[in-house]
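What follows is the residue order along each chain.
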Amino acid sequence: MAETTVRNPSVILKPGREKPVRQRHPWIFSGAIARVEAAPIAGAVVDVRAHDGRWLARAEYNPRSQIRARAFCWDEHTVVDESFWLERLRSAIARRDAILPHAEARRLVFAESDGLPGLVVDQYGRYLVVQFLTAGADARKTMTVRHLIHLLDPAGIIERDDPMRRKEGLPPADAVLHGHPPTEPVVIQENGHRFLVDLRAGQKTGFYLDQAANRAALTPHYAGKDVLNAFSYTAAFAVYALAAGAAHVVNLDASREALALAEANLRLNGFSPDRWQNIEADVFRQLRIWRDEGRQFDLIILDPPKFATSRGNLQRATRGYKDINWLAMRLLRPGGLLATFSCSGLVSEDLFQKILFGAALDAGRDARIVGHFHQSPDHPVLLTFPEAAYLKGFLLQM
Ligand code: SAH
């Protein structure tokens, strides 16, 4: 009989519920658990066992989360100590160095996809912005910061909050964890373009790094075009478009702070103000106004926030996606292009395509898929954990 190296509290599954864990899926839902032995606290490391007591995985536990345990290790004899977590961080960073060696801004750690549940680490030049999204990640905060300083020697580490912390029963968190990061936005480079990023108060960790590959992928399509960048945030797509010769770009966003930084980014990259316009408005409303006015564009980028935040609002989210896409299709000239995205994990690529099909029928337009988009490669998807694939998009030619 194999001898256990560590005696952790145990989570014992119901009969027949071990298959996903054996197949290395990291999430163990409360409904799959028969009993928990030795009352582990939130964030504690536990051993997951089949109903017959067979060892399955090591996981972090959270009694307050629907995802009761998150597995991160499938070798019974691995000791989970400080050096274990250091090696996990080191290899996550090494994978980014191998695949995106020259990126100044990139995601270094993408939680479960890197075997580090609940941990997000984004690099912006000399600064790191981190999120501790689960009880386990939160419990390892001090150690993680120490390891990141050891591995990367950053000038500053900032912690940013996320609504997911509430689902895990964690308090809001926004703090400086190391160094003296600036309160002013910092300048980063992405594929040769420069962007101001507000690390302390911007959305998410300050910048949508997940769209970097898609911003670049659209480069061949911008020249001479009259572009609408809807849900523009700080105008990242617009900067790529204008650099690639777009005739004009309208940035549309409901956030005044985002548009202030958008204007700063457009000026920073040296684009003449007669080539762009920023409009603070609700996209649903503004698209209707333009439809009524007969306003047309050659290329529309639709990159809305996550509409589907839970299964409960999936239907509503579906209607939201259909609505903006139907309207956008009406605003495109014949031959126009629609680059349309969904970052809702609950909306699969297949469902999103069906939504677009409905939108095209309602708009009375023929649309052809001429491109597919996914999250940038620094947001990898483990084959054992397909739920990590959340961003999908289509390039449609009208
Ligand atoms: N495309 C951007 C990221 C977009 S994030 C990039 O590449 O950086 C989504 C944006 O939608 C946010 O900036 C948010 O302020 C904006 N937003 C959310 N709901 C909106 C609405 N109803 N109307 C207009 N903008 C909205």
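Residues numbered from 1 in each chain as written. Predicted model: local features only at pLDDT ≥ 70, side-chain atom pairs only at ≥ 80, totals over all residues. Heavy atoms only, no water.

Caption draft 1: Molecular detail of the overall build of the protein chain. Counting secondary structure elements, the protein chain contains eleven helices and 20 strands. Computed over the C-alpha atoms, the radius of gyration of the protein chain is 23 Å, within 12% of the 21 Å expected from 2.2 N^0.38 for a compact globule of 398 residues. Residues classed as buried in the protein chain amount to 53% of the 398 residues present. Intrachain contacts of the protein chain at a sequence separation of at least 6 include 63% that bridge at least 24 residues. About 17,500 Å² of surface is accessible on the protein chain, with carbon and sulfur atoms providing 53% of the total. Computed over 50 positive and 45 negative side-chain charges, the separation of the two mean positions in the protein chain equals 4 Å. (Helix = DSSP H or I, 4+ residues; strand = E, 2+ residues; numbered from the N terminus. Rg over C-alpha atoms; globule rule 2.2 N^0.38 Å. Buried < 20%, exposed > 50% of the residue type's maximum accessible area, 1.4 Å probe, protein only. Contact = heavy atoms within 4.5 Å. Areas by Shrake-Rupley, 256 points an atom, 1.4 Å probe, with all protein chains shown as cover. Lys, Arg positive; Asp, Glu negative; His and termini not counted. Charge placed at Lys NZ, Arg CZ, Asp CG, Glu CD.)

Caption draft 2: Seen up close, helix α8 (residues 256-268). For α8, spanning 13 residues, the distance from its first C-alpha to its last is 18 Å, which sits close to the expected 18 Å at 1.5 Å a residue. Of the positions making up α8, those classed as buried are A258, L259, L261, A262, N265 and L266. For α8, the angular spread of the buried residues around the axis is 160°, confining them to a single face. Of the exposed residues in α8, those oriented more than 90 degrees away from the buried face are R256, E257 and A260. Contact partners of the buried residues in α8: β13 (193-197), α7 (236-243), β15 (248-253) and β16 (276-280). Just downstream of α8 lies G270, where phi reads positive at about 80°. (Expected span 1.5 Å × (residues − 1). Arc of directions from axis to C-beta.)

Caption draft 3: Examining the packing of helix α10 (residues 314-331) against helix α11 (residues 349-363) more closely. In the contact formed by α10 and α11, the axes pass within 8 Å of each other and the chain directions differ by 45°. If you check the angle between α10 and α11, you find them oblique. As for the relative orientation of α10 and α11, their crossing is right-handed in sense. Of α11, the residues touching α10 (which contributes T318, Y321, K322, N325, W326, M329 and R330) are F352, I355, L356, G358, A359, A360, D362 and A363. Here the contact of α10 with α11 is composed, by residue class, of nine nonpolar, three polar and three charged. (Axes fitted to C-alpha atoms, helices over the stretch in contact; angles between N-to-C directions. Parallel < 35°, antiparallel > 145°, perpendicular 65-115°, else oblique. Left-handed = near helix turned anticlockwise from the far one by under 90°. Nonpolar A, V, L, I, M, F, W, Y, C, P; charged D, E, K, R; others polar.)

Caption draft 4: Geometry of the pairing of strand β7 (residues 105-110). Burial within β7 is extensive, with six of its six residues counted as buried. Where β7 and strand β8 (residues 119-124) come together, five bridges link them in antiparallel fashion. What sits directly across from V109, in β8, is V121. (Pairing = 2+ DSSP bridges.)

Caption draft 5: Molecular detail of the site of the ligand. In the vicinity of the ligand, 16 residues are found, and the nearest of them are R215, D253, D282, V283 and D303. Take Q203: an N or O atom from its side chain is 3.1 Å from an oxygen atom of the ligand. Within the contact set of the ligand, a nitrogen atom lies 2.6 Å away from a side-chain nitrogen or oxygen of D303. With the chains in place, 89% of the 580 Å² that the ligand exposes on its own is no longer accessible. Its residues placed into classes, the shell around the ligand shows nine nonpolar, three polar and four charged. (Near = heavy atom within 4 Å. Polar contact = N/O pair within 3.5 Å; in protein donor to acceptor, adjacent residues only side chain to side chain.)

Caption draft 6: Here's a closer look at the side chain of T205. As for its position among the elements, T205 is in the loop between β13 and α6 (212-217). Judged by its relative accessible area of 1%, T205 falls in the buried class. There is a polar contact of 2.6 Å between the side chain of T205 and the side chain of D122. With sequence-adjacent residues up to four places away left out, T205 is seen in contact with D122, Y124, V129, Q131, R160 and L199.

Caption draft 7: Geometry of the packing of aromatic side chains. Applying the stated rule across the entire model yields 17 aromatic pairs. Taking the centre distance of 5.1 Å and the plane angle of 35° together, the rings of F341 and F373 count as tilted. Here F341, found in strand β18 (residues 332-342), pairs with F373, found in strand β19 (residues 368-374); they are 32 residues apart in sequence, far enough to count as distant. Relative accessible area serves as the criterion here: at 1%, F341 is assigned to the buried category. Here F373 falls in the buried class, since its relative accessible area comes to 5%. An aromatic cluster is defined as three or more aromatic residues linked by ring pairs; in this entry it consists of F231, F284, F307, Y321, F352 and F394. Positioned above the aromatic ring of W85, the side-chain terminus of R140 is 3.8 Å from the ring centre. (Phe/Tyr/Trp six-rings, centres within 6.5 Å; stacked < 30°, edge-to-face > 60°. Lys NZ or Arg CZ within 6 Å of the ring centre and 35° of its normal.)

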